[in-house]
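# Notes for the structure review
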Amino acid sequence: EQLDYMIELKHTLDAKGHCILEMPTGTGKTVALFALITSYQFFHPEVGKLVYCTRTVPEMSKALEELRNVIEYRVEVLAGRRVAQSLAETEAVTGDILAVGLSARRNMCIHPEVSREADRERIDEKCRELTASFVRSHANVDSRKTCEYYTRYQDFAAGVGRGCALPNGVYTVEDLAALGAQEKNKWCPYFMSKRLLQTASVVVLNYQYVLDPKVSQVTMLGGADIPVRNPEGSRIDEVVPGAMKEPSIVVFDEAHNIDDVCIEALSVRLDSTSLERSSKNLTDLAAKVEQTKQIDAARLQEEYQRLVQGLQDAGEIDDQVAERISSPVLPDDIVVEAIPGNIRRAEHFINLMRRVVLFLKSYLKERREARTEGALSLQHRMEEEAQVDSRTLKFCYDRLRSLLNTLEVVNVDEFGPITRVADFCTLLGHYVKGFIAIVDPYPEAHGIYDPVFDFSCLDAAIAMRPVMKRFQSVILTSGTISPLEMYPKMLAMTNVVSTHSFQIQLDRRCICPMIVSRGSDQVPVSSRFALRDDPSVVRNYGQLLEDLVATVPDGMVCFFPSYAYMEKVIKKWYETGVLARVMAKKLVFIETKDIVATTYALANFRLACDCGRGAVFFSVARGKVSEGIDFDRHYGRCVVLFGVPFQYTLSKVLRARLEFLKEHHKIQESEFLTFDAMRAASQCVGRVIRSKRDYGIMVFADQRYSKQDKRDKIPEWIQTFMDIAATNMSADGAIQGAREFLLQMSQPQIIDSTTCKSL
């Protein structure tokens with residue numbers, strides 16, 4: 001399957017198109033991808049960078065380690081050829097490359113005081129207090145503290161000229177932090193990694209750095225004839241070597257939820273609390289403006305002159321402010337023209353934002369009923385009621401960014417509420433199609449009045465469009481990305497060369513998927529709304545859990561459709577003694593909405609499995625555990641899905657998106673809901689198989705999984721191991737099947753010498 005995967009990748013690169021590929025986890029997908037693309041770069045240098053996007057820092061480090069192994073092997077092979085051909089090192093290329101990972105400050109900061117802060121916002125704020133351009137400019141005058149690591153980084157970068165600051169190699173986030181901390185270096189790894197983005201052949205970073213315009217680093221990845229800013233924040237005339245090469249390949253790994261990432265990046269949510277804080281932010285800004293007038297009025301006048309000259313000169317501001325409050329608008333949609341005269345003066349801009357906030361407060365509590373409104377209609381209402389025209393709205397972000405820099409604001413995150421309002425204004429001014437305004441007075445479905453205003457993006461293609469335009473080839477890949485045909489529709493992908501799902505080749509049957517449609521008493525089991533309060537369903541689910549706990553060794557993971565349903569079922573199990581009987585055999589841990597508590601629960605779950613006690617982890621589909629945590633080997637011998645993880649279908653945002661998909665992409669409501677539920681289910685069950693040597697049981701406990709429309713959307717590599725008899729089983733039949741499977745797995749494995757060889 002690695003060879004087939006690489007063949008499809010090469011076809012895509014040759015055709016200069018895009019592809020969507022599904023390959024089972026643990027089959028060497030990442031190694032195959034890096035091996036093919038870096039070799040393609042080696043023979044076709046014109047293709048430029050490889051930008052590899054993943055979700056978490058551990059996944060980033062794992063990918064870079066895989067890349068390091070590939071490059072070390074290539075260097076070794078080329079060195080052998082060089083010796084065999086009696087070539088000098090200068091006569092042949094070594095095959096080495098520069099590859100770097102980029103993450104947030106909290107993962108890279110090595111300053112002894114700043115890095116001790118637990119909160120991300122506090123780390124960013126303290127870093128800015130020590131490295132901002134205006135702080136450094138005042139350091140010699142009033143002896144302000146600055147960051148010695150940032151100063152050493154500046155000296156180091158200036159000493160090596162405009163080229164790469166480090167020799168070729170593969171640098172993970174941890175590697176850069178360790179290098180920066182060395183006594184001979186003592187430079188900042190965060191700013192060093194941002195500098196290396198311009199010259200690296202391979203860049204590994206988070207999705208948001210490419211898709212979310214508020215944190216995008218895409219302009220740092222290269223671009224012909226684009227002025228490049230150096231890390232100190234001042235404009236430079238020359239272009240950094242290597243930055244002229246336009247990046248051409250971007251890979252989104254674990255891309256099954258990429259449409260949700262795109263939509264979230266361009267959506268804004270406001271509530272009563274955030275609007276009240278916005279009003280306070282404006283009051284604080286007004287006070288700072290008055291204070292600055294008394295102390296240094298020339299600063300405000302200089303800013304006014306810059307704004308008069310136009311947007312290009314107004315952009316001559318501190319890069320760190322630009323990073324913390326980046327434009328919510330996609331780069332191709334930014335209007336390059338002068339900021340309107342009615343918001344050039346700070347007082348006028350603050351008064352305008354006050355009118356916007358008052359309008360939103362009134363709009364939020366206008367009626368105690370849910371309502372939706374198109375972006376164009378909302379624009380007209382704001383013009384009439386708040387006297388703010390759409391052209392002015394477009395520049396709210398730029399004006400706020402410039403004002404915060406002029407006022408030398410360090411604690412930028414404290415102004416997050418008014419920043420979100422400015423984001424909303426800018427999005428509303430730029431986009432009319434693909435967005436909708438929704439007011440939901442009862443968002444949590446508990447009957448509590450707490451109105452929420454959502455300015456929601458409905459079209460994931462808006463965020464993907466500049467990526468498709470900028471990069472020659474876009475590759476979406478995952479172990480569970482079925483059904484593949486939905487993604488080109490939702491993302492408006494054209495020139496798609498390949499959509500393929502690869503089978504897994506195993507030397508033994510190590511996956512046991514089963515669909516349990518009824519309990520031992522032959523009563524159907526399902527999490528559908530009509531049966532959720534049926535005591536027989538909860539009882540049968542409990543009996544199934546008890547029997548599996550008694551049968552399966554080590555760790556088990558159970559997923560529920562939602563937190564509310566999980567809490568309801570666990571409460572019933574506690575009352576009926578099911579939990580007590582389960583805990584007599586295995587310890588029980590539960591995922592909560594608190595990330596810290598869930599992290600502790602996961603650590604203790606692994607500890608219980610390691611010491612032989614065994615454990616069960618209750619989790620929620622689409623939660624932290626289902627998306628980024630692996631339960632390989634003895635941590636996940638069985639995964640159970642109690643129900644089908646459909647989204648909350650009464651959600652106003654979801655209803656609006658369903659209507660948009662139907663109208664613009666001809667995707668029916670039931671088709672999308674089923675697709676979305678099954679990709680979430682596939683992601684859950686895929687947590688337990690992380691290599692070819694691993695084995696596990698997958699239990700789909702809901703009668704709806706036995707229907708053809710649901711079953712066909714399970715990844716093909718799982719369907720291959722599902723017998724006809726396993727598509728409609730009773731609970732006792734599933735237990736018997738699990739026993740037979742585990743008995744088979746307990747036998748010594750005979751490995752053929754021709755299998756499991758890495759390419």
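This text follows the structure it describes.
### Quick look at the overall build of the chain
Tallying secondary structure elements over the chain gives 31 helices and 19 strands in all. Relative to its 759 residues, the chain shows a buried fraction of 56%. Across the chain, every contact between residues at least 6 apart in sequence was considered, and the portion connecting residues at least 24 apart equals 81%. Within the structure as shown, the chain displays about 31,900 Å² of accessible surface, and the carbon and sulfur contribution to it stands at 51%.

### Points about the sheet that holds strand S13 (residues 511-518)
The sheet built from seven strands is open, its strands ordered S15-S16-S14-S17-S18-S13-S19 with parallel pairing. Either end of the sheet is taken by a strand with one partner, and the two such strands are strand S15 (587-590) and strand S19 (729-730). Pairing of S13 with S19 involves two bridges; the strand directions are parallel. Counterpart to Val 516 in the pairing with S19 is Met 729. Those strands touched by helix H23 (residues 563-576) are strand S14 (555-560), S15, strand S16 (615-620) and strand S17 (638-642), and its axis lies near 140° from that of S16.

### What to know about unusual backbone geometry
Located in the positive-phi region is Lys 16, a residue other than glycine, with phi close to 55°. Examined against the element boundaries, Lys 16 turns out to sit in the loop between helix H1 (2-14) and strand S1 (18-22). Located in the positive-phi region is Lys 186, a residue other than glycine, with phi close to 50°. Among the structural elements, Lys 186 can be located in the loop between helix H8 (173-181) and helix H9 (189-196). Looking at Lys 186, the relative accessible area reads 17%, which means it is buried.

### What about helix H11 (residues 258-265)?
Counting buried positions along H11 yields six of eight residues, so the element is predominantly enclosed. All of the buried residues in H11 are Ile 258, Asp 259, Val 261, Cys 262, Ile 263 and Ala 265.

### Let's talk about the sheet that holds strand S9 (residues 435-440)
A sheet is described by the order of its strands in space; here four strands give the open sequence S7-S10-S9-S8, paired in antiparallel fashion. With one partner strand each, in any of the chains shown, strand S7 (268-271) and strand S8 (371-374) form the two edges of the open sheet. Between one strand axis and the next, the sheet turns through 15° on average, direction left out of account.

### Observations concerning the packing of aromatic side chains
Applying the stated criterion to the full structure yields 29 aromatic pairs. Pairing Phe 589 with Phe 605 gives two aromatic rings, centres 6.4 Å apart and planes at 90°, and the pair type is edge-to-face. On the criterion of sequence distance, the pair formed by Phe 589 in strand S15 and Phe 605 in helix H25 (residues 595-610) is long-range, its members being 16 residues apart. Seen in terms of ring centroids, Phe 605 and Phe 617 are 5.7 Å apart; in terms of plane orientation they differ by 80°. Their pairing is edge-to-face. With Phe 605 in helix H25 and Phe 617 in strand S16, the pair connects residues that are 12 residues apart, well separated along the chain. Each member of the pair, Phe 605 as well as Phe 617, carries the same accessibility label: buried. Linked through ring pairs, Phe 359, Tyr 363, Phe 424, Tyr 431, Phe 435, Phe 453 and Phe 455 together constitute an aromatic cluster. Lying across the ring of Tyr 363, Arg 371 places its NZ or CZ 5.0 Å from the centre. The ring centre of Tyr 635 lies 4.8 Å from the NZ or CZ of Arg 606, which sits over that ring.

### Concerning the side chain of Thr 598
Position of Thr 598 among the secondary structure elements: in helix H25. Note on Thr 598: relative accessible area 2%, which makes it buried.

### Here we look at helix H18 (residues 396-406)
With 11 of its 11 residues buried, H18 lies for the most part within the structure. Looking only at H18, the buried set comprises Cys 396, Tyr 397, Asp 398, Arg 399, Leu 400, Arg 401, Ser 402, Leu 403, Leu 404, Asn 405 and Thr 406. Glu 408 lies just past H18 and shows a positive phi near 55°.

### Some remarks on the packing of helix H22 (residues 535-551) against H23
The relative placement of two packed helices comes down to the angle between their axes together with the axis-to-axis distance. Where H22 contacts H23, the two axes come as close as 10 Å, and the packing angle between them is 75°. In terms of axis orientation, H22 runs roughly perpendicular to H23. Residues Val 537, Val 538, Tyr 541, Gly 542 and Leu 545 of H22 touch H23, and the partners they reach there are Tyr 565, Val 569, Lys 572 and Trp 573. A class-by-class count of the residues in the contact of H22 with H23 yields seven nonpolar, one polar and one charged.

### A few points about the packing of helix H15 (residues 346-364) against H18
Packing of H15 against H18 brings their axes to within 11 Å, and their N-to-C directions diverge by 130°. Considered as vectors, H15 and H18 are oriented oblique to each other. Crossing hand, H15 versus H18: left-handed. Where H15 approaches H18, its residues Ala 346, Phe 349, Ile 350, Leu 352 and Met 353 are matched on the opposing element by Cys 396, Arg 399, Leu 400 and Leu 403. A per-class count over the contact of H15 with H18 returns eight nonpolar, no polar and one charged.

Scoring rules and cut-offs
Residues numbered from 1 in each chain as written. Predicted model: local features only at pLDDT ≥ 70, side-chain atom pairs only at ≥ 80, totals over all residues. Heavy atoms only, no water. Helix = DSSP H or I, 4+ residues; strand = E, 2+ residues; numbered from the N terminus. Buried < 20%, exposed > 50% of the residue type's maximum accessible area, 1.4 Å probe, protein only. Contact = heavy atoms within 4.5 Å. Areas by Shrake-Rupley, 256 points an atom, 1.4 Å probe, with all protein chains shown as cover. Pairing = 2+ DSSP bridges. Axes fitted to C-alpha atoms, helices over the stretch in contact; angles between N-to-C directions. Phe/Tyr/Trp six-rings, centres within 6.5 Å; stacked < 30°, edge-to-face > 60°. Lys NZ or Arg CZ within 6 Å of the ring centre and 35° of its normal. Parallel < 35°, antiparallel > 145°, perpendicular 65-115°, else oblique. Nonpolar A, V, L, I, M, F, W, Y, C, P; charged D, E, K, R; others polar. Left-handed = near helix turned anticlockwise from the far one by under 90°.

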